[in-house]
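# Overview (structure and organization)
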Amino acid sequence: MKSVKTEALARAFVAAMLVGSFALAPASRAAAQQAASASATTTVAPAGVERVTSVEGLTEYRLANGMRVLLFPDPTKQTVTVNVTYLVGSAHENYGETGMAHLLEHLLFKGSKNHPNLAQEMTEHGARRNGSTWLDRTNYYETVAATDENLRWALEMEADRMVNSFVAEKDLKTEFSVVRNEMESGENDPFSVLLERAVSTAFLWHNYGNSTIGARSDVENVPIDRLQAFYRQYYQPDNAILIIAGKFDEAKTLGWVNSIFSAIPRPTRTLQKVYTVEPVQDGERSVTLRRVGDVQLVGAVYHVPSGSHEDFAAIDILSFILGDSPSGRLHKALVETKKASRVYGFNFQMREPAIALYGAEVRQGDSLDAARETFLQTVESVATNPPTKDEVERARQAILKNIELTLNKSDQVGLELSEWVAQGDWRLFFLHRDRIRKVTPEDVQRVANRYLKPSNRTLAQFIPTAQPDRAEIPAVPDVAAMLKDYKGDAAVALGEAFDPAPSNIESRTKRGGAAASPKLALLPKKTRGATVVASMTFRFGDEKSLQNRSIAGELVTDMLMRGTTTRSRQQIQDELDRLKARAFVSGGPTQAVLFVETVRENLPAVMRLMAEVLRQPSFPAAEFDQLKAEVLANFEQQRSDPGAIAQREMARHLNPYPKGDPRHVMTIDEEVEAVKATTIDDVKKFYADFYGASDAHGSFVGDFDDAEVARLNAELFGQWKSPRPYARLANVYREVPAINKSYETPDKANANFVAGLNLNVRDDDPDYPALVFGNYLLGANSASRLRQRIRDREGISYGVGSGLNASALDKWGTFTSFAIYAPENVARLEAAYKEELGRALSEGFTAEEVAKGKSGYLQNRQLNRSQDNNLAGALSSYLFINRTFQWDEEFERKVAALTPEQIMAAMRRHIDPSKITIIKAGDFAKKTAAAPKPAQ
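The structure displayed is predicted, hence computed values, not measured ones. (Residues numbered from 1 in each chain as written. Predicted model: local features only at pLDDT ≥ 70, side-chain atom pairs only at ≥ 80, totals over all residues. Heavy atoms only, no water.)

Time to look at the pattern of salt bridges. The full count for this structure, using the stated rule, is 83 salt bridges. Across the pair glutamate 156 and arginine 152 runs a salt bridge whose closest N-O atoms are separated by 3.0 Å. Here arginine 152 and glutamate 156 lie together in helix α5 (residues 148–163), a separation of 4 residues that amounts to about one turn. Among the residues examined, glutamate 156 registers a relative accessible area of 32% and is labelled partly exposed. Residue classification places arginine 152 among the partly exposed residues on the basis of a relative accessible area of 29%. Taking the shortest distance from any N to any O, the salt bridge between arginine 582 and glutamate 597 comes out at 3.2 Å. Taken as a pair, arginine 582 in strand β16 (residues 582–587) and glutamate 597 in strand β17 (residues 591–599) lie far apart in primary sequence, 15 residues in all. On the accessibility criterion, arginine 582 (27% relative accessible area) is partly exposed. On the accessibility criterion, glutamate 597 (8% relative accessible area) is buried. Connected through salt bridges with shared partners, the residues Arg789, Arg793, Glu794, Arg828, Glu835, Glu836, Arg839 and Glu843 form a single ionic network. (Salt bridge = Lys/Arg side-chain N within 4 Å of Asp/Glu carboxyl O. Helix = DSSP H or I, 4+ residues; strand = E, 2+ residues; numbered from the N terminus. Buried < 20%, exposed > 50% of the residue type's maximum accessible area, 1.4 Å probe, protein only.)

Below, the structure written as C-alpha cells:
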C-alpha cells in the first residue's frame with residue numbers, strides 16, 4: 001500500500017511528470033473509430049444499466065445504485081487491471097481525523113467477510129496490487145493475468161471490501177505503527193519535509209494544506225468506531241468509480257459487474273460537500289526548516305486554479321518552461337551558472353484550487369542567498385519576459401509526446417483516470433490535452449502575470465507590502481455542463497492479442513545478425529498504437545584495462561545524451577519529443593545500455609539519432625561541470641541517508657574487491673574525491689579507449705519491419721569497432737565473515753535494516769528453483785512469512801522483504817533481506833527476522849503455502865513477460881548468455897513440481913543464519929537516550 005503523500009507525489013512529479021499533465025494521446029483515428037463503433041454496436045448494456053458516454057475507446061456506464069463503471073478494452077496485453085476509485089481523500093477529513101483516509105486504505109487490505117485472507121488471495125492470483133490515498137480520492141487496484149477466473153475474482157473481491165471489510169480494532173493496533181513507520185520514512189528526506197511545511201503554510205483553512213499521511217497524534221489515537229463510521233459514510237457504490245482496462249470481453253464483463261455490484265443497495269445517507277474556500281492570499285508568507293541534512297533547498301509555492309479550469313493548460317506549459325532541464329529558465333539561470341545543482345517545477349492539478357511549486361537544490365558551501373535572488377527573479381519575471389514561441393512549442397511537444405505514449409499502455413490509463421474522476425469527470429483527461437494543443441505564448445504570459453506574483457507566494461521570508469497585489473483564484477467550473485456534448489478524438493489503433501507463454505515467444509522470435517553487426521533478437525508483433533521498444537547493450541574492457549577508471553566510465557554514460565558533434569542536449573531532447581520517443585543510455589564502466597520506445601513510423605529516425613548519440617558525442621565542458629555538480633550533490637545527500645548508508649556498507653562487505661578494481665564498491669568519500677579528480681579529458685579518453693560495437697547484443701519487440709531493423713543496425717553499428725578487446729568480469733564467490741554493525745544517522749526518524757549472504761550457486765544449479773521459490777514464500781510476496789510477521793501482525797515495518805539471485809555465468813549469488821522501521825524497534829525487528837528465518841529453515845513451508853504460492857509466482861512471471869520493455873531486456877540478455885525462453889519453460893516446470901521437503905532441504909544447504917551479515921543505520925543514540933529509565 002502506497003500513501004501518495006504530498007511529498008511523495010511531488011517526488012514522482014519531479015522525476016517523471018514535470019509537465020503536470022496526466023492527459024492521454026491523440027490516436028490513429030481510422031482504426032480507433034472502427035473499434036469504438038464496433039464496441040458501441042455490439043455491447044448491449046444489461047437491464048438497469050445506463051450507458052452514459054464514450055470517448056476515444058472508453059465507455060462509461062451507470063448502475064442503478066449510482067456506481068459508475070468505465071470500460072477500456074485492450075486485447076493486446078494478456079493482463080487486465082481493475083481499479084476502484086472512491087471520491088474521498090484527506091480533503092474530506094475532519095478535526096482530529098487527519099490521516100484517516102490513508103489509515104483506512106491500509107486496513108482495507110486486512111480482509112473482508114468473504115475474503116478474510118486478502119494477501120494470500122492476491123498472491124494466489126499473481127496480482128500486482130496496491131492502493132493509494134491523495135487529497136480528493138482513494139483507489140485500490142490489481143493487475144492480473146487476463147483470465148475469466150482472475151477478473152471475476154477481482155470484481156467479487158472489490159465488491160466485498162466496498163461494504164464488508166473488517167476495519168477491526170485488532171488490525172488498527174498493529175497497522176497504526178506501520179503507518180507511523182511510513183510517516184517517519186518521509187521525515188528522513190529534507191525535500192519532503194520542506195514541501196510539507198511550505199504547503200501547510202500556503203493554505204490557511206483548506207484541507208489541501210494537510211499532508212495526506214496525517215498528524216502523528218491523530219493516526220495513533222483515532223478510535224476504531226470513528227474510522228468505521230468514515231468507512232460506512234464514503235465506501236458506497238454511489239461514491240465509487242470502477243475502471244476496468246486491458247483484455248476482457250466487454251459484454252460479459254459488464255454483465256458480471258452488474259450482477260456483482262448491483263447487489264449493493266444505494267445508501268440512504270447524503271454526502272456533505274466540501275464547502276471551505278481558501279481565501280485569496282494577501283501577502284508573502286515564509287517558512288524556515290532547520291534540520292540535519294547535506295544540501296540546501298529553496299522553493300516557492302503559488303496558488304493556482306482547479307485542474308478543470310481553462311487556465312491550467314497554460315500553467316502546465318509554464319511549469320515546463322520554468323522547471324525543465326536543460327531547456328528550462330531555472331536550469332539556465334541557476335544550474336548553468338553553478339548557483340544550484342538541480343531545479344524543479346510542477347503543479348498539483350486537483351478538483352479545487354491548488355498550487356504550483358518551483359525550487360532549487362543548492363550544495364553546501366554555495367550561497368543560498370544568491371540562489372534565492374536569482375530563483376525568484378527568474379520565476380516572477382515571466383510576466384515581463386514573455387515566453388517565446390519555441391519555448392511554448394518545446395513544452396507542448398514534450399507533454400503531447402508523453403500523452404500519446406501513455407495511451408498505448410491500457411494498464412497505466414486505467415490507473416491514471418483515478419486522478420481525473422477525482423477532479424470532476426474522467427473526460428477532463430482528454431479536454432486538458434485538447435487545451436494543451438491550443439496554448440499560445442500570450443496565454444502563458446497571462447497566467448504567469450495572474451498567479452506568479454509576490455503576494456501569492458510562500459517562501460522562506462516575509463516582506464510587508466504597502467499595496468498588496470493579490471491573485472484572485474477562479475471558482476471551479478461546472479464540469480458537467482462544460483463536457484455535456486464532448487466527444488474527444490478517436491480511440492487508438494488496436495494491436496494483436498499476444499500470448500506471453502515462453503513457447504509462443506520462442507516461435508515468434510528471430511535471432512541473427514551478420515558477423516560485423518550486433519547480434520539481434522527480433523520479435524515483431526502488432527501493438528496498441530504501433531509502439532516498439534528496443535534494448536541494446538554494448539560491452540567493453542577487461543579487468544586490467546578498467547583499473548582505476550570506474551568513475552570516468554560512469555560519467556561517460558551520463559554525458560552521452562548531453563550533446564553530439566551536431567546537436568546540443570536540448571536539440572537531442574527536442575528531436576526525441578518530435579519523434580514521440582523515449583530513449584536514453586545507461587550503464588557504467590563495463591557496458592552502455594540503449595533503451596528506445598517509440599512508434600513504428602519513427603523507429604528508423606530514432607535509431608539514427610541514438611546512433612549519433614553513441615558514436616558522435618561532443619562532451620561539452622559546460623555540461624560536464626553541471627553533471628559533476630549533480631553527482632556530488634547526490635553523494636553529499638547520501639552521507640546522512642540511513643538507506644544509502646546501509647545498502648552501500650552491505651555491498652562493500654559482500655564484495656571485498658581491492659581499490660581500483662572495477663568491481664570495488666567505494667565509500668562515499670572515495671566517490672566524491674574520484675569525481676572531483678576526474679576531468680573532461682579523462683572522460684574523452686575512456687570513450688576513445690573502449691566504445692564500439694564489437695561486442696553488442698540487442699532486441700526489438702513490437703510493431704516493426706524485421707528486415708528493415710536488421711539492415712538498419714548493420715548500417716549504424718556494423719562497422720563500429722571497439723578499440724580494445726572485451727573480456728567479461730567474472731563474479732567470484734567469497735565466503736565473507738558475518739558481522740552485525742550499526743551506523744548512526746542523527747536526526748533521522750526512520751532506520752534501515754539490511755541482511756545479506758553470498759551464495760555459491762549458479763542459476764543452473766539443481767537447487768536454484770527451490771531457493772528462488774523458497775525466498776518467494778519467505779519474503780518476496782504480499783503474503784510472505786516476513787511480511788505477515790513483521791508488518792501485518794507486529795506493525796514494526798512499512799516495508800519488509802527478501803531477495804535471492806544467482807548468476808547465469810558464474811557460480812555466485814546473494815540472499816538479501818531489508819526493512820525500514822523506527823529506531824526504537826531495532827531489537828524487536830532483528831529478533832522477529834531471525835525467528836522467521838529460523839522457522840522457515842527448521843519447519844519449512846506447509847503444502848498449502850507451497851500450492852498457493854506457486855499459483856501467484858507463476859502468474860507473476862507471465863505478467864512480467866507481457867510487458868514489452870521487460871521482454872526486450874530479457875531477449876537481449878539471453879543473446880549474451882546464449883539462452884532461449886525454453887529455459888523459462890523448463891524453470892517454471894521445475895518450480896511447479898517442487899515439494900515442501902525439496903524447498904526446505906535446498907534452503908538449509910545454502911542459507912546458514914550464522915553466516916548472515918546484518919547492517920543497521922538510524923538515530924539509535926537519540927532513541928536510546930529518550931527511552932524511559934526503569935523505576936528504582
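And the narrative resumes.
Backbone hydrogen bonds are what pair the strands of a sheet, in a parallel or an antiparallel way. The 7 strands lie next to each other as β1-β2-β3-β7-β4-β6-β5, forming an open sheet whose pairing is mixed. Both outer strands of the open sheet, β1 (50–55) and β5 (128–133), are each paired with one neighbouring strand and no more. Averaged over all neighbouring strand pairs, the angle between strand axes comes to 15°, with direction disregarded. As defined by bridge partners, strand β4 (residues 79–86) adjoins strand β7 (residues 240–246) across 7 bridges and the pair is classed as antiparallel. Each residue of the ladder has a partner; that of valine 82, found in β7, is isoleucine 244. Along the sheet, helix α31 (residues 847–865) contacts β4, β5 and β6 (138–145); its crossing angle with β6, the most-contacted strand, is approximately 95°. (Pairing = 2+ DSSP bridges. Axes fitted to C-alpha atoms, helices over the stretch in contact; angles between N-to-C directions. Contact = heavy atoms within 4.5 Å.)

The next point concerns empty space enclosed by the protein. A full pass over the atoms with the stated rule returns 8 cavities of 30 Å³ or more. The calculated volume of the second largest cavity comes to roughly 40 Å³. Along the walls of the second largest cavity sit Glu187, Asn188, Asp189, Pro190, Arg291, Val292, Asp747 and Lys748, which together make up its complete lining. The class makeup of the residues in the lining of the second largest cavity is 2 nonpolar, 1 polar and 5 charged. (1 Å grid on protein atoms, 1.4 Å probe; cavity = no way out; pocket = protein on both sides within 12 Å on 5 of 7 lines; lining within 4 Å. Points joined across faces, edges and corners; volume = space filled by probe spheres on them. Nonpolar A, V, L, I, M, F, W, Y, C, P; charged D, E, K, R; others polar.)

On to the environment of aspartate 669. Mapping aspartate 669 onto the fold places it in helix α25 (residues 668–677). According to the relative accessible area criterion, aspartate 669 is partly exposed, its value standing at 46%. In sequence terms aspartate 669 and glycine 588 are 81 residues apart; their C-alpha atoms lie 19 Å from each other.

Turning to the side chain of aspartate 767, a few remarks are in order. By the secondary structure assignment, aspartate 767 is in the loop between β20 (751–759) and α28 (768–779). Contact partners of aspartate 767, with chain neighbours within four places excluded, come to Ala906, Arg909 and His910.

Taking strand neighbours across the sheet as the criterion, the 5 strands line up as β19-β23-β20-β22-β21 in an open arrangement whose pairing is mixed. A strand with exactly one partner marks an edge of an open sheet, and here the two such strands are β19 (740–744) and β21 (800–806). On average, each strand axis in the sheet is inclined to that of its neighbour by 15°, with strand direction left out of account. Across 7 bridges, β21 lies against strand β22 (residues 813–821) in antiparallel orientation. Note that in β22 the partner of asparagine 805 across the bridge is threonine 814. The strands touched by α28 are β21 and β22; relative to β21, the strand with the most contacts, the crossing angle is about 170°.

Moving on: the packing of helix α22 (residues 603–615) against helix α27 (residues 706–717). With their axes 10 Å apart at the nearest point, α22 and α27 run at an angle of 20° to one another. As far as their axial angle goes, α27 and α22 are roughly parallel. The element α22 and its partner α27 pack so that their crossing is right-handed. Contact residues: α22 offers Leu603, Pro604, Met607, Arg608, Ala611, Leu614 and Arg615, while α27 offers Glu708, Val709, Leu712, Asn713, Glu715, Leu716 and Phe717. Taken together, the residues of the contact of α22 with α27 sort by class into 9 nonpolar, 1 polar and 4 charged. (Parallel < 35°, antiparallel > 145°, perpendicular 65-115°, else oblique. Left-handed = near helix turned anticlockwise from the far one by under 90°.)

In this section: the layout of surface pockets. To find the voids left in a structure, one rolls a probe of water-molecule size over its atoms. Its boundaries defined by the atoms lining it, the largest pocket holds a volume of some 970 Å³. Mapped onto the lining of the largest pocket, the elements with two or more residues apiece are β2 (58–62), α15 (410–423) and α18 (479–482). The dominant element in the lining of the largest pocket, judged by the number of residues it contributes, is α15, at 3 residues. Here the residues of the lining of the largest pocket are counted per class, giving 13 nonpolar, 7 polar and 13 charged.

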